[in-house]
Amino acid sequence: MKHFTLKTAVLFLICVFLLLTSGCGKAADTVRLSEIDGGDLDESQSYFSPDTGAQVARGENGYYYMDSYGEYIKYYDIASDNEIVLCSKAECSHDNRECNAYLGGEYLYQVYFYKGYLYLLNISKGNIELVRCKADGSGREALGELCESSDYNVSVVFLNDYVYFSIIRNGASDREGKICIYRMPLDKREVETVYTYNSVDSVFIKLRGYGNNLYFTIMSVEEDENGKFSRSGKGLLCYNSGSGEVNKVIDESIYDYCIDTDKGYIYYYVYGEGLYRAKDKIKEKIFDATDQTGFCDLSYDGRFVYMENSGWSTFSQAFMKNDTEVTEYIWIFDDGEEFKTIDVSGEHIISIINGDSEYFFALRYGGGMDCFNKDKFFGGGILEWRGDKTE
């Protein structure tokens, strides 16, 4: 049985950058950006990073996440400002399998909240299965198997009572020449393929749900004769859960994107070029790429757009053999204008997760999962981590 630790979760994407298998599909005509339905951000939770954000889920009155070893589910209650083990059993010691919060390291380091239920990914009998429980951690039940667990991980999105997912292989030996997006209804154990892309050394990344639509990008990786790796994107695509059509929204070499659901803009980062935003058929460049920002991760929390370069920092040195030292930052944009930055190293951040309009989450050195209140930061300029207050 494979055990997924906190370290595995943080380093997982670094492996994916290198070790990929693949996927060509047929897409319909380009859609107009004005037709975007942003949906309910707290339902889709698209404000969390698609790659690392599954480590935190927004509940009705707080946030769920796992402890540093993936052994127990924890819950941060907003009103009381308390972190608890997610177990309501009377006199439970929270240190054994009888505890409602117990996971035992047998789950992927991923947690989701959708329509009043908490969802987890268990590793059982060589398969990754979807598990559901009540908001208090009780009543755990297996809903169905998504895929085999050997050398696999999954990127998951909940949309219109389905779970959509893509399989990410950690090894390059299986070169099928195609990648797929699948879905399973939450009331049936039936997995079906909804989109296939044929190409070698490609992977679906950045799966996000907005309204009735599933958005995603396709990343391709190439290795030259000197062992250096480069990446490119195959555009931003959109799957409509009602019609089943796949549309190419933007045909550029896109790494990441997010949608400002308030003002109707799509923000997207083009490899080696920089940050753009587009609305209808008009686009503008708002940030030029440098050797510090070959590609950047994006998110939108309902108020602001966030851009960060920690992924590029790792990839450029480890896989592109670049000697340039990259300083990791988070850039924050308000209506296309840069107005705040955060020094990642200065805040001792290991992995950036972000969050909704209230709290920003990250894994931090020595502190595990931590967060700060965004109103205090944006309103008064106070960046105060909760973990620092409770030490």
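Please read all numbers here as calculations on a predicted model, not as lab measurements.

Student: Before we go on, may I ask you to explain the pattern of salt bridges in this structure?
Tutor: Side chains that differ in sign of charge can pair as their charged atoms come close. Going through the model one piece at a time under the given rule, you end up with 22 salt bridges. In this structure, Glu83 and Lys74 form a salt bridge, with 3.4 Å as the shortest nitrogen-oxygen distance. With a relative accessible area of 34%, Glu83 lands in the partly exposed category. A relative accessible area of 23% means that Lys74 is categorised as partly exposed.

Student: Please clarify how the environment of Ile349 should be interpreted in this entry.
Tutor: The topology assignment puts Ile349 in strand S25 (residues 349-354). Taking relative accessible area as the criterion, Ile349 reaches 6% and is therefore assigned buried. Along the chain, Ile349 and Asp370 lie 21 residues apart, while their C-alpha atoms are 9.4 Å from each other. Apart from residues no more than four positions distant in its own chain, Ile349 is found in contact with Val344, Ala362, Leu363, Arg364, Tyr365 and Trp385.

Student: Explanation requested: the nonpolar core in the structure shown.
Tutor: Most often, soluble globular proteins keep nonpolar side chains buried together rather than apart. In this structure, Tyr268, Leu275, Met307 and Phe361 are the most contacted members of the largest nonpolar core, which totals 53 residues. Per-element accounting of this core gives the leading share, six residues, to strand S18 (residues 265-270). Residue contacts for Met307: discarding those within four places in its chain leaves Tyr269, Leu275, Phe287, Cys296, Asp297, Leu298, Tyr329, Ile330, Trp331 and Phe333.

Student: Got a minute to help me understand the confidence of the model for the protein chain in this structure?
Tutor: Caution applies to low-pLDDT parts of the model: their predicted coordinates are not meant to be read in detail. Looking at the protein chain as a whole, the pLDDT averages 85, with 85% of positions reaching at least 70. For the protein chain, the element scoring lowest by mean pLDDT is helix H1 (residues 6-18), at 39; strand S22 (residues 305-308) scores highest, at 98. Within the model, the stretch residues 1-29 combines pLDDT values under 50 with 97 contacts to residues more than four positions away or in other chains.

Student: Just to check I follow, could you spell out the pairing of strand S14 (residues 213-223) for this structure?
Tutor: In terms of residue burial, S14 counts as a mostly covered element, since nine of its eleven residues are buried. Bridge count for strand S13 (residues 202-210) against S14 is seven bridges, and the pairing is antiparallel. Each bridged residue has a counterpart across the sheet, and for Phe204 the counterpart in S14 is Ile218. Here S14 runs beside strand S15 (residues 229-240); their pairing, made up of ten bridges, is antiparallel. Each bridged residue has a counterpart across the sheet, and for Phe216 the counterpart in S15 is Leu237.

Student: So what exactly am I meant to see when it comes to the sheet that holds strand S6 (residues 117-124) here?
Tutor: Across a sheet, paired strands are connected by hydrogen bonds in the backbone, their directions being either parallel or antiparallel. Taken in spatial order, the four strands of this open sheet run S5-S6-S7-S8, and their pairing is antiparallel. Looking at which strands have only one partner, the edges of the open sheet turn out to be strand S5 (107-114) and strand S8 (141-148). For this sheet, the mean angle separating the axes of adjacent strands, direction not counted, is 25°.

Student: What should I look at first to understand the sheet that holds strand S26 (residues 359-364) in this one?
Tutor: Pairing is antiparallel across the open sheet formed by three strands, whose spatial order is S25-S26-S27. Because the sheet does not close on itself, it has two edges, and the strands there are S25 and strand S27 (368-373). Put simply, the sheet's adjacent strands are angled 30° from each other on average, direction ignored. Taken together, the six bridges between S26 and S27 define a ladder with antiparallel strand orientation. Each residue of the ladder has a partner; that of Ala362, found in S27, is Asp370.

Student: What is the right way to read the side chain of Asp256 from this model?
Tutor: Relative to the assigned elements, Asp256 resides in strand S17 (residues 254-260). Of note is the side chain of Asp256, whose polar atom sits 2.7 Å from the backbone nitrogen of Leu298. If we ignore the near neighbours within four places in the chain, the residues touching Asp256 are Lys206, Arg208, Tyr267, Tyr268, Tyr269, Cys296, Asp297 and Leu298.

Student: Just to check I follow, could you spell out the pairing of strand S2 (residues 62-66) for this structure?
Tutor: Each regular strand carries side chains that alternate between the two faces of the sheet. Most of S2 is tucked away: five of the five residues are buried. Here strand S1 (residues 56-58) runs beside S2; their pairing, made up of three bridges, is antiparallel. Its bridge partner being in S2, Ala57 is matched across the sheet by Tyr64. In sequence, S1 turns back onto S2 through a hairpin of three residues. Of the pairings in the sheet, the one linking S2 to strand S3 (residues 73-77) comprises five bridges and is antiparallel in character.

The rules behind the values
Residues numbered from 1 in each chain as written. Predicted model: local features only at pLDDT ≥ 70, side-chain atom pairs only at ≥ 80, totals over all residues. Heavy atoms only, no water. Salt bridge = Lys/Arg side-chain N within 4 Å of Asp/Glu carboxyl O. Buried < 20%, exposed > 50% of the residue type's maximum accessible area, 1.4 Å probe, protein only. Helix = DSSP H or I, 4+ residues; strand = E, 2+ residues; numbered from the N terminus. Contact = heavy atoms within 4.5 Å. Core = buried A, V, L, I, M, F, W, Y, C linked by side-chain atoms within 4.5 Å. pLDDT = per-residue confidence, 0-100. Pairing = 2+ DSSP bridges. Axes fitted to C-alpha atoms, helices over the stretch in contact; angles between N-to-C directions. Polar contact = N/O pair within 3.5 Å; in protein donor to acceptor, adjacent residues only side chain to side chain.

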